[in-house]
Structures are given as C-alpha cells and as structure tokens.
Amino acid sequence: MSSSSSSTERVALRAQVLSRHLHPSSSSSSSPCLLEPRACLEYSPAELSESIDFDAKAMRKLMDDHNLEDRDWLYGLIIQSNLFNPRDRGGKVFVGPDYNQSKEQQRVMTMKRIEYLAECGVFKGYLTDFSPPSQLRRFALQEVSDSFDHSLSIKIGVHFFLWGGALQFFGTKRHHDKWLSDTENYRVKGCFAMTELGHGSNVRGIETITTYDSDTGEFIVNTPCESAQKYWIGGAANHATHTVVFSQLKINGTNQGVHAFIVPIRDADGNVCPNIRIADCGHKIGLNGVDNGRIWFDNVRIPRENLLNSVADVSADGQYLSAIKDPDQRFAAFMAPLTSGRVILASSATYSAKIGLSIAIRYALTRRAFSLTSNGPEVLLLDYPTHQRRLLPLLAKTYAMSFAANHLKKLYVKRTPESIKTIHVVSSAFKPTLTWHNMRTLQECREAVGGQGLKTENRVGHLKSEYDVQSTFEGDNNVLMQQVSKALLGEYVSAKKKNRPFNGLGLEHMNKPCPLIPSQLTSSILRSIQFQMNIFQLRERDLLNRFAAEVAQHQAQGVSREITFTLTYSLAEDLGKAFADLSIMQIFIEAEEAVPAGHLKNVLGLVRSLYAIILLEEDAAFLRYGYLSTDNAAAVRKEVAKLCVELRPHALALVSSFGIPDAFLSPLAFNWIEANAWPSVEN
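The protein chain is annotated in an unreviewed UniProt entry as Acyl-coenzyme A oxidase from Daucus carota subsp. sativus. According to UniProt, the comment filed for the protein chain under the heading Subcellular location (unreviewed entry) is "Peroxisome". Under the UniProt heading Catalytic activity (unreviewed entry), the entry covering the protein chain gives this text: "a 2,3-saturated acyl-CoA + O2 = a (2E)-enoyl-CoA + H2O2".

The following block contains the structure:
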C-alpha cells in the first residue's frame, strides 16, 4: 500500500469517527461501530504502573544534601497545624495559603504562622549561632517554609537574612549585643530599606541623605525628594518596628558614600514614629502575604551609635573614620555581605521548580488523552514524545540546579575573606540562572496540565505570580550576569598583564590547549563527560577571548570603560551564561562521580547527559560562534529525544526523590477525579 493511500484511509477513518461522534443518530445500524461508548474514567495511582529502579531515599539525600531530619520536622509542624489551612481533596490532606483572602487577611495569617514557628523553636540560633551547621539548618528550614508559601519565607527572610544579616555583617559588637537576640525572638521586627523609587540595582545612586549633628551626637536621616522614598520595603507597611536605612552619608559637606543606619519606625504599640511617613505599596501579582511599604524620613534624628560601623565610623566630634581610604574599595567591602540573599533565592527557586514538576509529571502519569487507534485506549500524557520533551529536559535541569544550589550554600557557609570574590561571582551567576529556570519551568508545567493549572489550589499557575519577582530583587538578573562577565574580564586582563596562568573563577582550563570538537557527533560521544566538558569549556574560553578583544578595541579608540560595557552587552550576556552553565556542569559531574556504581549512578548519568545536551540545543551561541556544525546540531536534537525516551520510565522516581510531602503538592498530582467530584463541592 502506498504512503499516500494509507494517509488517505487514515483521514477517512478519522472523519468517520468524528462524524459518528457528532451525529450518532444518523449512523446506520449495519455500519461497523467505530466509536464504542466507554466507561467513565477512573483514577489509577501512578505508583501502580510505574517502577522505581533506584534508591529514592539515597537520591533525595543527594537532592536535599543536608538537614533532612530538620526538614521533615518542619514539614510535620506545618501539616499538623490548622494555621496552615489544611483541606481534604480527593481523600488527601493538602496545606497551602487561602488565596481567597484579602491581602490584609493574608498578611495577618503570615504573621500568625511566623509566631507559631517561633514558639516551636524553628528560629532558635538563627542570629546567635553562626557555625556552618547552624547556617545550613537555617537554609534548610527556609526552603521548607518556602515550599509552603513564598510570602512566608520572604517575610522570614527579610527579618532574619536582610535586617538580621545587616546587623550581623555591617554592625559591630555593640549592635550584636543590643539587637541580635531581640531580633531572633521577634521582640524587634526588622526590615531592610535599600531600594528607592528612583534607584534599585544602582545602590550607589540612592538619594536618601544622612548628615551628622556634632552638637547633639545624632545623625539626621532625610528623604530629600519623592524619588528618594524607600520602596518595596517588606514588613514596613504593617509589622516592622525598625529598619536598616541605606543612605548617602555627608560629613562636613563631603559625601562619603552609602552607609547603613538603624532607624526605629514604630513604637511598642505599633504607632508610626514621629517624622516618619509610611504608605502601603498596594496589591501585587504575588506575595500579598508580605506587607511591602514605602517610607519617607523627615529629618529623623537617631543616636550616633545607630550607624552600622564595621566598615566606617563617625567620631563624637564628627570626624569620618575608615581603614579603607579608597571609596570604591570601601563600597565593595560594604556590599560584599549581601550575597546571602542571592544564595537563598537561588535555592528557593529550585524548590519551586521541584513542586511544579512533581505536580505536572504526576498528572501526566495518570491523565490520558486521545487514542492512537480507532477503539484503543487513550494514551497517558507522558507517553507522548511531545510531552516528554516539554517536561523531562526541565526535570534534568532542575536536578542540575539542585546540585548548584547545594554547592553555593556550602561555599557561602564556609566563606573566608579570600573566597568573598568567588562567592559574589558564583552567586551572581547562579541566582539569575536558577530563577529564570524556575519561571520557565512553572510556565511549561502550567501549560502541560492544561486548564487545571489556572486553579490556585493546583499551585502551578499561581506559583508563577509568586516567584516572578525573583528575577528582580536581590539584583536584577541581567545586571548580575553583566557583573559576572566583568569579573571574568578582570581575571583575564590580570593574568595577561602579569603573564601568569589563570587561577580562580574556574578559568584554570584556559591554561590547557584549546579542546577540539569531533566533526561528527555520535550518541556515545554526546553522552561522554569528556565531550560535554570540552564543549562548555570551549564556549567559555572563546567568548572570554572575544569579549576581552572587543572591550580592548573600544578602549583603544578612546571609548570610556562605562560606555564600552554598554556597547559589548551581547557578548557579556553570552559569557555570563557560559560561565554559569560550565560551573553547574562541573558541579553535577562531581556529584555524580561521588555516587557508587549502580542503578542510581546510571540514572544520574542519563539526567546529566540530558542536561548538557538540551543546553547545546537551546543556546544559539553554539551555532552562532561555530562550536557546533548544523549537522551536529541536528544530531544533538535527535539525542535529546532519545534521552527523553530513556528517562521516561524513571520520571515518577525522579520527582519522588525530591522528598516533598504529598500535602505540599496539590490535588492535581493525585486523585484529581475525586478531588473534583460533586461530594467535594458539597463539603
């Protein structure tokens, strides 16, 4: 039979099926039945048909990496308390915020939940124990609270990591003794006033002004214009009693740059302090459980001791004192401790992606659509190659991002003065990479579950609104990526000037001969660790050389450094992404190599290869700069499809290994038929 006649017959058969469906009464009783009535759909748990061929508990240990018992303890505290809105759907109990509440009600509930967690001892040691184990515990519990509600984790994070972190890092013993214990116990509620209406990422440009009155020994904080109002300050609208204000410090007519000050904004009864005005930022697309506010300071006087003085101080008679004389170096030293926020957001984004994928993949393992034969059974969504390609590469990326986030956390808690620069660069690369990945994952998961993704109780769609802001706060993602490229350029120029080998920021591979890419890529080559490292190293090496050459060319023509970077932004973006991808690839390989031989290691190898190869397909730089030929790009595309088929049997096991309790997912991930049945409406 010719292909054309076969195609015609299939079209005719489909037309008959549709006709019989649309006009059942017009069918002849003698004609064959092409569409038999079917029994109602029944939910069948994915666990009944899917196998788990590796140790899921061991895989969870790799994913969570640390403090598993602490995580499970907090999961349990949340599930067992009525404060966390438990509700029965489809025979299972789920927890999650009630988004039918007004923003005012959501804020009240967020604060009540924080008070409950404080009473349970969740925050013990958050600001009084700075050992690496205590810091890792803090990260772990923050990830759990974030898995429940992003508003909850942000509200906690502003208080402990921003306000508390500013006291810890910018302050000295006098501030630690006075404020840290009261902050840990919530006797003081803090917020963090850096962003202004007119300045966000450009912290140096903020317009709030602080002067010193040597007659009274007080600083005077002032908002000189409307663009200087503090904006988006989490906690300011309702609950915060104090804030750390970032302000230009002018001493004897000289601007000494940005400094931080402790300013009370409410009294013990919750009344706004004199000479301070506070307004609500209003309803937002997400995070309505956080009371974001705007603050104006009308010549507010504070004691001299309220200057956070780890970097610089002002004497009683008004003399400016700092061991760091260079303003640029002083500003860099001042901003260095703020990396903790980027560390938290990178990890937080990963757990959000895990929730989205857990729901979408579980749904795809129980939801069917369309038959491939006239009277055959409908096909599971995840058995369609198109659906596999939508979700499984994102699953592989999420595994890679988990390893990256764990690496970043450990790098941070083990920080030394020598590692500050590395932490800044890595966090500046990972925060954008992981938060962008999260948003793309949630969008694809929302589409993959169809209309059910629009219901807030199914979480996936609503998570997009909750997490969208992560690409903006703690540093705009595009600005951070440019900082990465500038740091790499600095290392490059320094090494070339001093005629020394590259040492730092992972550039040591540039001391070796340039890797060669085979002219023809087979499946075995594409899946080899050596090839994957070679091509990612080649991309970073080449882009760094190109970036350095382009910058040098502009500067040779008399173009200023600042304008040069605006003219070379395209290469800077490509280079920043190359650094992030290579770093994550290296971290993934190290994690995989530490696993003993067996099924788990084999599956990790598939996941790692899918992560590497989907990046080759998606990033146009590999074709743009000639690292892949068009034939090899076609081979890459085919290999992605093959890997998706091979990973399909492990999909349930891979999302189960995330270790997120069922109660933190949604009804869509389980018995979605019973959850939507009429009795659920009556109840």
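Still to come is the rest of the account.
(A) Representation of helix α4 (residues 68–80). Taking 1.5 Å as the rise per residue, α4 with 13 residues should run 18 Å; its terminal C-alpha atoms sit 18 Å apart, in good agreement. Along α4, the residues that are buried comprise Arg71, Leu74, Tyr75, Leu77 and Ile78. Looking down the long axis of α4, one finds its buried residues gathered within 160 degrees of arc, a one-sided arrangement. Residues of α4 that are exposed and point more than 90 degrees away from the buried face comprise Glu69 and Gln80.

(B) Focus on the packing of aromatic side chains. The full count for this structure, using the stated rule, is 26 aromatic pairs. Taking 6.1 Å as the distance between ring centres and 35 degrees as the angle between the ring planes, the aromatic pair formed by Phe94 and Phe670 counts as tilted. Of this pair, Phe94 sits in strand β2 (residues 92–94) while Phe670 sits in the loop between α22 (651–656) and α23 (672–675), placing them 576 residues apart in sequence. Among the residues examined, Phe94 registers a relative accessible area of 1% and is labelled buried. Overall, Phe670 belongs to the buried group, its relative accessible area being 6%.

(C) Structural detail: the pairing of strand β5 (residues 218–222). Sheet topology places strand β4 (residues 209–213) next to β5; 5 bridges connect them, and they run antiparallel. Bridging from a neighbouring strand, Tyr212 pairs with Phe219 of β5. Count of turn residues in the β4/β5 antiparallel hairpin: 4 residues, of which Gly217 carries a positive phi of about 70 degrees. As defined by bridge partners, β5 adjoins strand β11 (residues 300–303) across 4 bridges and the pair is classed as antiparallel.

Definitions and cut-offs
Residues numbered from 1 in each chain as written. Predicted model: local features only at pLDDT ≥ 70, side-chain atom pairs only at ≥ 80, totals over all residues. Heavy atoms only, no water. UniProt positions renumbered as here; feature names shortened; annotations may be inferred. Helix = DSSP H or I, 4+ residues; strand = E, 2+ residues; numbered from the N terminus. Expected span 1.5 Å × (residues − 1). Buried < 20%, exposed > 50% of the residue type's maximum accessible area, 1.4 Å probe, protein only. Arc of directions from axis to C-beta. Phe/Tyr/Trp six-rings, centres within 6.5 Å; stacked < 30°, edge-to-face > 60°. Pairing = 2+ DSSP bridges.

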